[in-house]
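Each chain is listed here by its residues.
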Amino acid sequence: GAGVSQSPRYKVAKRGQDVALRCDPISGHVSLFWYQQALGQGPEFLTYFQNEAQLDKSGLPSDRFFAERPEGSVSTLKIQRTQQEDSAVYLCASSQNRDPRRRNTEAFFGQGTRLTVV
Amino acid sequence: TQLLEQSPQFLSIQEGENLTVYCNSSSVFSSLQWYRQEPGEGPVLLVTVVTGGEVKKLKRLTFQFGDARKDSSLHITAAQPGDTGLYLCAGVGVIQGAQKLVFGQGTRLTINP
């Protein structure tokens, strides 16, 4: 597709359940970001991939959160043993930028997955 | 601690009025972006400013990057109800050794007819 695609759009999970959120970035984009956005707040950085390499996972809130991008394209964010505080919109973004010293990085966002933990 | 502070966080004004939203940081960024986000959608890029002191205009929207590349502002002239939305600033740079795109908490703008 032409844009970043995320699935599912909505996910309701019972507390303690594991969930997997998928991101299909724009074809050929090197960089991929995951963000968590609480209601009415700005996106909070979770993790960053450059191709298949996870270069930064400093934003992952706990060891229940795990992300992968094994072939350098599709990425999956997995949350184990979900808690109510995990309820948020999870946004994926991709960009062409490879060199972190380049200044002009346009990131394209997907529509997000709204996770509700009950 | 928020790396980028936006103010105000909420703003409700009448159609036709002017407004300015601020984005401030103690960190220097290589570029700064402004996004607009509609409910149920991901953020959409409006503009990127790269050079200190740079000013960019997008119809009734004027974006400025501070001389020291630590802050930015968004000014809207003659606001219209269609301008309603969440406006986010985001800084691009190498932070703690890795490329990051970090966001402010957003300004929720409501333009009343």
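Parameters at a glance
Residues numbered from 1 in each chain as written. Chains lettered and ligands numbered in written order. Predicted model: local features only at pLDDT ≥ 70, side-chain atom pairs only at ≥ 80, totals over all residues. Heavy atoms only, no water. Helix = DSSP H or I, 4+ residues; strand = E, 2+ residues; numbered from the N terminus. Buried < 20%, exposed > 50% of the residue type's maximum accessible area, 1.4 Å probe, protein only. Contact = heavy atoms within 4.5 Å. Areas by Shrake-Rupley, 256 points an atom, 1.4 Å probe, with all protein chains shown as cover. Lys, Arg positive; Asp, Glu negative; His and termini not counted. Charge placed at Lys NZ, Arg CZ, Asp CG, Glu CD. Salt bridge = Lys/Arg side-chain N within 4 Å of Asp/Glu carboxyl O. Core = buried A, V, L, I, M, F, W, Y, C linked by side-chain atoms within 4.5 Å. Pairing = 2+ DSSP bridges. Axes fitted to C-alpha atoms, helices over the stretch in contact; angles between N-to-C directions. Buried area = accessible area lost by both parts, 1.4 Å probe. Polar contact = N/O pair within 3.5 Å; in protein donor to acceptor, adjacent residues only side chain to side chain.

Student: Explain the overall build of chain B here, please?
Tutor: If you tally the helices and strands in chain B, you get zero helices and eleven strands. Counting from the amino terminus, chain B carries its helices and strands in the arrangement β-β-β-β-β-β-β-β-β-β-β. Counting over 113 residues, chain B shows a buried share of 49%. Considering only residue pairs separated by 6 or more positions, chain B has 54% of its internal contacts joining residues 24 or more positions apart. When the accessible area of chain B is evaluated, it comes to approximately 5,000 Å², of which 50% is carbon and sulfur surface. Between the centroid of the 9 positive side chains of chain B and the centroid of its 9 negative side chains there is a distance of 6 Å.

Student: It is not clear to me how the pattern of salt bridges should be interpreted in this structure. Could you clarify?
Tutor: Two side chains of opposite charge can pair, provided their charged atoms sit close to one another. Residue and element names in this part refer to chain A. All chains considered together, the criterion is met by six salt bridges over all chains. One salt bridge in this structure joins Arg-64 and Asp-86, with 2.8 Å as the shortest N-O distance. Residue Arg-64 is located in the loop between β6 (53-56) and β7 (65-68), and its partner Asp-86 is located in the loop between β8 (75-79) and β9 (88-95); the two are separated by 22 residues in the primary sequence.

Student: Whenever I open this one, the nonpolar core confuses me. Can you help?
Tutor: Inside soluble globular proteins, nonpolar side chains tend to come together where they are buried. Among the nonpolar cores identified, the biggest contains 22 residues, and B:Leu4, B:Leu19, B:Leu32, B:Trp34, B:Leu74 and B:Ile76 are the most heavily contacted of them. Breaking this core down by element, the ones donating at least two residues are β3 (19-24), β4 (31-37), β5 (44-49), β7 (61-65), β8 (71-76), β9 (85-95) and β11 (107-112) of chain B. One finds A:Val4, A:Ile26, A:Phe49 and A:Cys92 within the second-largest nonpolar core, a separate group that totals 20 residues.

Student: For this particular structure, what's the right way to read the sheet that holds strand β3 (residues 19-24) of chain A?
Tutor: Adjacent strands of a sheet pair through backbone hydrogen bonds, lying either parallel or antiparallel. All names here are of chain A. The four strands lie next to each other as β1-β3-β8-β7, forming an open sheet whose pairing is antiparallel. The sheet is open, and its two edges are formed by β1 (5-7) and β7, each paired on a single side. Between one strand axis and the next, the sheet turns by 15 degrees as a mean value, whatever way the strands run. By the bridge criterion, three bridges tie β1 to β3 in an arrangement that is antiparallel.

Student: Teacher, can you tell me more about the interface of chain B and chain A here?
Tutor: A common way to state how big an interface is: give the accessible area lost once the parts meet. Between chain B and chain A, the residue contacts involve 27 residues of the former and 25 residues of the latter. Interface of chain B and chain A: buried area, both sides summed, is about 2,100 Å²; carbon and sulfur atoms make up 50% of it. Per-residue buried area on chain B facing chain A is highest for B:Gln99, B:Leu101 and B:Phe103; these three make up 27% of the total on that side. Counting the contacts that link chain B with chain A gives zero salt bridges.

Student: Can you walk me through the sheet that holds β8(B) in this structure?
Tutor: All names here are of chain B. Spatially, the five strands line up as an open sheet ordered β1-β3-β8-β7-β6, and their pairing is antiparallel. Each end of this open sheet is capped by a strand with a single partner; those strands are β1 (5-7) and β6 (55-58). In this sheet, adjacent strand axes meet at a mean angle of 15 degrees when their direction is disregarded. Bridging between β3 and β8 involves six bridges; their strand directions are antiparallel.

Student: Honestly, the environment of B:His75 in this entry has me stumped. Any pointers?
Tutor: All names here are of chain B. Here His-75 shows up in strand β8. For His-75, a relative accessible area of 27% gives the class partly exposed. Along the primary structure His-75 and Thr-20 are separated by 55 residues, whereas in three dimensions their C-alpha atoms are 4.3 Å apart. Excluding anything up to four places from it in sequence, His-75 contacts Asn-18, Leu-19, Thr-20, Arg-60, Leu-61 and Thr-62. Reaching out from His-75, the side chain makes a polar contact with the backbone oxygen of Leu-19 at a distance of 3.1 Å.

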